[in-house]
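Here is what each chain is made of, one letter per residue.
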Amino acid sequence: MPDHVRTALLENVALTHHAATSADELDKIQIYLALEQGATTREVADRLGVSQPTIVTWSRAGKEALARREKERADRSRDDLDRSEELLSNGS
């Protein structure tokens, strides 16, 4: 297999993996939020066809993922603000 084909194939695999991981994380965040809004673990478990302990585990992971995403978003906002202030102070 030519190098450029191998490189493109591996890049596609990496992108697909990232998308799947992100979707899985989003599902867990939605489970966490559903429970926070009053859904029961039994309701969510029945709807998804999994056990209640699985929902509890996924909900914990969702809570952690949501906190991590919020921190990353805050960090990006802070970095953007810092860059804007730097540009303004430099007269750009």
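Residues numbered from 1 in each chain as written. Predicted model: local features only at pLDDT ≥ 70, side-chain atom pairs only at ≥ 80, totals over all residues. Heavy atoms only, no water.

### A closer look at the pattern of salt bridges
What counts here: We count a salt bridge whenever a side-chain nitrogen from Lys or Arg sits within 4 Å of a carboxyl oxygen from Asp or Glu. Strands here mean DSSP runs of E at least two residues long; helices mean DSSP runs of H or I at least four residues long; both are numbered from the N terminus. Burial classes follow relative accessibility: with a 1.4 Å probe on protein chains only, a residue under 20% of its type's maximum area counts as buried, one over 50% as exposed, and anything between as partly exposed.
Applying the stated criterion to the full structure yields five salt bridges. Among the ionic pairs, Lys28 bridges to Asp24, the shortest N-O distance being 3.1 Å. With Lys28 and Asp24 both in helix H1 (residues 3-36) and four residues apart, this pair spans about one turn of that helix. Its relative accessible area of 39% is what places Asp24 among the partly exposed residues.

### Structural notes on H1
Threshold: Take the residue count of a helix, subtract one, and multiply by 1.5 Å to get its expected span.
With 34 residues, H1 extends 49 Å between its outermost C-alpha atoms, agreeing within 8% with the 50 Å of an ideal straight helix rising 1.5 Å per residue. Of the residues one or two after H1, Gly38 is the one with positive phi, at around 115 degrees.

### Concerning the nonpolar core
Worth spelling out the cut-off: Take the buried residues of types Ala, Val, Leu, Ile, Met, Phe, Trp, Tyr and Cys, join any two whose side-chain atoms come within 4.5 Å, and each joined set is a nonpolar core. Throughout, a residue-residue contact means that at least one pair of heavy atoms, one from each residue, lies within 4.5 Å.
Judged by nonpolar contacts, Ile31, Leu35, Val44, Ala45 and Ile55 together constitute the single largest core of five residues. Mapped by element, the contributors of at least two residues to this core are H1 and helix H2 (41-48). Here Ala45 is in contact with Val50, Ser51, Gln52 and Ile55, once residues within four sequence places are set aside.

### Quick notes on the confidence of the model for the protein
Rules: Confidence of the predictor in every single residue is expressed as pLDDT, which spans 0 to 100.
Looking at the protein, the pLDDT average stands at 88 and 89% of residues meet or exceed 70. H2 holds the highest mean pLDDT among the elements of the protein, 97, whereas helix H3 (residues 52-89) holds the lowest, 86.

### Details of the environment of Ile31
Among the structural elements, Ile31 can be located in helix H1. Residue classification places Ile31 among the buried residues on the basis of a relative accessible area of 8%. The spatial distance from the C-alpha of Ile31 to the C-alpha of Ala61 is 9.5 Å, given a sequence separation of 30 residues. The contacts of Ile31, once residues within four sequence positions are left out, are Val44, Leu48, Ile55, Trp58 and Ser59.

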